[in-house]
Amino acid sequence: MLSLVVPAYNERENAAEIVEFVRAIRERHPAYDFELVVVDDGSEDGTHEALAQVLQPADHATIVRLSRNFGSHAAITAGFAHAKGDAALTLSADRQEPMEAVDDFIRTWEDGADIVWGLRITRTAKPGPSEWMARGFSKIYQSNSDVPTYPREGPSQILVSRGVIDALNSMPELNRNILAMAAWTGFRQERIFFHQLPRPHGTSKWTTKKKVKLVLDSFVEFSAAPIQWLAILGMVLGATGLVALLTGVGLLVGGLALAGAATLVSGVVLLVGGLILFGLGLVGEYVWRAGDDARRRPLYLVRSVSTHE
């Protein structure tokens, strides 16, 4: 059995197309049993009701409704927790994966992969600061974290075997990048590539604020690099300050006045002060997330679970 996990937030317009796509997958791969697990991540537009209207018993579907919007990575985690399959494949609610990509996911899993990364050759997102940040993050993160198998191209979807699902279900982190956690587990990892399809309805709910939080969560959970970068910057600034101090003493002993000395000193003080505050804020992000995990609150709350089979 293969579980198809779809996190959905305000995707009422796409409800029918999600179900039709899963039916097409079932017809294309008759050798497999499929179950659809949709996680309604606190939708406010009637996504749950729209899905319930189009689902039939033959769809073997489960709708998990969360009590509020917890974010896509928490929703995927909830989907994995309810998945009964020998493997689980994540799909987007906005229907941006072609059928050929699903074929490649299944074929690569059949060949023995425990984790199959879905990487986009082309993206439908318009070029801009947000898209550049997403691309840059994956490259920097892959080189500066404890998960070197995290794809530099930036993963879009993922297929994980039952062993990986069980490992992920055992991890308690509240602020999580579920894809980085999957990479961390090890196992055999392979890649497939596909051209992303345009959204048939609506706009992406993946905001810049959510992307920034994911970047912070990813580094805090799997990398000490930001703290190390900060320490190196502190050493560089300290050395620069020492050189400036010795230069200033030499000029004063030589009877030369430093032009604009007050402005220079003010700039240095503001720069160093700003970097100190930045460093405190960065350390605070690590401490806050440690506190989150220490409080032991659940990652998400389930309002209801309904089955259609």
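Summarised in this report is the structure supplied together with it. All residue numbers refer to positions counted from 1 along the written sequence of the respective chain. Only residues with pLDDT of at least 70 are given local features in this predicted model, and only at 80 or more are side-chain atom pairs given and counted; all residues enter the totals for whole chains, interfaces and linings. The basis for the side-chain values is all heavy atoms of the structure; hydrogens and waters are excluded.

Here the nonpolar core consists of buried residues drawn from Ala, Val, Leu, Ile, Met, Phe, Trp, Tyr and Cys, with membership extended through side-chain atoms lying within 4.5 Å. The rule is simple: take the accessible area with a 1.4 Å probe, protein chains only, and divide by the maximum for that residue type; under 20% is buried, over 50% is exposed, in between is partly exposed. Ranked by internal contacts, the top residues of the largest apolar core, which has 34 residues, are Leu2 and Leu4. The helix and strand labels rest on DSSP assignments: H or I over at least four residues marks a helix, E over at least two residues marks a strand, and numbering proceeds from the N terminus. Of all the elements in the fold, those that place two or more residues in this core are β1 (2–8), α1 (15–28), β2 (34–40), α2 (47–54), β3 (61–66), β4 (87–90), α4 (99–110) and β7 (189–195). For this analysis, residues touch if any pair of their heavy atoms sits within 4.5 Å. Setting aside residues no more than four positions away along its own chain, Leu4 makes contact with Val22, Ile25, Phe34, Glu35, Leu36, Val37, Leu89 and Leu91. If you look at the next biggest cluster of nonpolar residues, it comprises 33 residues, including Ile76, Ile115, Val160 and Leu299.

With that settled, consider the sheet that holds β3. The 8 strands lie next to each other as β7-β5-β6-β4-β1-β2-β3-β8, forming an open sheet whose pairing is mixed. Only two strands of the sheet have a single neighbouring strand rather than two, namely β7 and β8 (302–308). Each adjacent strand pair in this sheet contributes to an overall mean axis angle of 20 degrees, direction not counted. Only strands joined by at least two bridges in the DSSP assignment are considered to pair. Sheet topology places β4 next to strand β6 (residues 155–161); 3 bridges connect them, and they run antiparallel. Bridge assignment links Ala88 to a residue of β6, and that residue is Val160. Strand contacts of α2: β1, β2, β3 and β8, with the helix running at about 170 degrees to β3, the strand carrying the most contacts. Throughout, an axis means a line fitted to C-alpha atoms (over the contacting stretch in the case of helices), and angles, computed between N-to-C directions, take values from 0 to 180 degrees.

What follows covers the environment of Ala113. Mapped onto the elements, Ala113 comes out in the loop between α4 and β5 (115–122). Here Ala113 falls in the buried class, since its relative accessible area comes to 1%. Sequence separation of Ala113 and Gln189 is 76 residues, and the distance between their C-alpha atoms is 5.8 Å. The residues touching Ala113, leaving out its near neighbours within four places in the chain, are Thr108, Arg188 and Glu190.

A word on empty space enclosed by the protein. Site definitions follow a grid-based scheme: protein atoms alone, a 1 Å grid, a 1.4 Å probe that fits but cannot get out for cavities, and for pockets an open set with protein on both sides within 12 Å along at least five of seven lines, plus lining residues having an atom within 4 Å of a point. Grid points are joined across faces, edges and corners, and a volume is the space filled by probe spheres set on the points. Here the structure, examined in full by the defined rule, presents 1 cavity of 30 Å³ or more. Taken as a whole, the largest cavity encloses approximately 40 Å³ of empty space.

Before going further, it helps to spend a moment on the packing of aromatic side chains. A pair of Phe, Tyr and Trp rings is counted when the ring centres sit within 6.5 Å of each other, with Trp represented by its six-membered ring. The angle between the planes then sorts it: under 30 degrees is stacked, over 60 is edge-to-face, the rest tilted. In this structure the tally under the stated criterion is 3 aromatic pairs. Relative to Phe34, the ring of Tyr32 lies with its centre 6.2 Å away and its plane at 55 degrees, an arrangement referred to as tilted. Side by side, Tyr32 and Phe34 carry an identical accessibility label, which is buried. With 5.8 Å between their ring centres and 35 degrees between their planes, Tyr32 and Trp109 make a pair best called tilted. With Tyr32 in the loop between α1 and β2 and Trp109 in helix α4, this pair connects stretches of sequence that are 77 residues apart. Comparing Tyr32 with Trp109 shows no difference in burial state: the two are buried. One aromatic cluster in this structure is built from Tyr32, Phe34 and Trp109. Lying over the aromatic face of Phe70, Arg68 brings its terminal NZ or CZ to 3.9 Å of the ring centre. Here the basic side chain of Arg95 rests over the ring of Phe21, its NZ or CZ set 3.7 Å away from the ring centre. Comment: the charge-over-ring label is applied if NZ (Lys) or CZ (Arg) is within 6 Å of the ring centre and within 35 degrees of the ring normal.

α4 packs onto α1 with a crossing angle of 50 degrees between their chain directions and a minimal axis gap of 11 Å. By the angle class used here, α1 and α4 are oblique. Considering only the axes of α1 and α4, their crossing is right-handed. Where α1 approaches α4, its residues Phe21, Ala24, Ile25 and Arg28 are matched on the opposing element by Met99, Val102 and Asp103. Broken down by class, the residue content of the contact of α1 with α4 amounts to 5 nonpolar, no polar and 2 charged. Note on terminology: angles under 35 degrees are roughly parallel, angles over 145 are roughly antiparallel, angles of 65 to 115 are roughly perpendicular, and the others are oblique. Helix crossings get a hand from a simple test, with the near helix turned counterclockwise from the far one by less than a right angle marking a left-handed crossing and a clockwise turn marking a right-handed one. For this classification, the nonpolar set comprises Ala, Val, Leu, Ile, Met, Phe, Trp, Tyr, Cys and Pro, the charged set comprises Asp, Glu, Lys and Arg, and every other residue, Gly included, is treated as polar.

This part takes up the pairing of β2. Among the 7 residues in β2, 7 count as buried, and that is most of the element. The alternating pattern of β2 places Phe34, Leu36, Val38 and Asp40 and Glu35, Val37 and Val39 on opposite faces, both of which are buried. With 7 bridges connecting them, β1 and β2 associate as parallel partners. Note that in β2 the partner of Val6 across the bridge is Val38. Seen with its strands pointing away from the viewer, a crossover is right-handed if its path from the first strand over the helix to the second goes clockwise. Of the crossover connections in this fold, the one passing from β1 over α1 to the parallel β2 is right-handed.

For the rest of this paragraph, the subject is α1. With 14 residues, α1 extends 20 Å between its outermost C-alpha atoms, agreeing within 8% with the 20 Å of an ideal straight helix rising 1.5 Å per residue. Of the positions making up α1, those classed as buried are Ala15, Ile18, Val19, Phe21, Val22, Ile25 and Arg26. Each buried residue of α1 sits inside an arc of 160 degrees when the element is viewed along its axis, so together they form one side. Among the structural elements, β1, β2, α2 and α4 are those in contact with the buried residues of α1. Expected span of a helix: the number of residues minus one, times 1.5 Å. Here the arc refers to the set of directions running from the helix axis out to each C-beta atom.

Let us now look at the pattern of salt bridges. Side chains bearing opposite charge may pair, as long as their charged atoms lie close to each other. Here, a salt bridge means any side-chain nitrogen of Lys or Arg that lies within 4 Å of a carboxyl oxygen of Asp or Glu. The tally for this structure, following the rule as stated, stands at 6 salt bridges. Among the ionic pairs, Asp103 bridges to Arg28, the shortest N-O distance being 2.8 Å. Of this pair, Asp103 sits in helix α4 while Arg28 sits in helix α1, and the two are 75 residues apart along the sequence. One salt bridge connects Arg188 with Glu190, and the closest N-O pair in it is separated by 3.2 Å. The partly exposed category is assigned to Arg188, whose relative accessible area is 39%.

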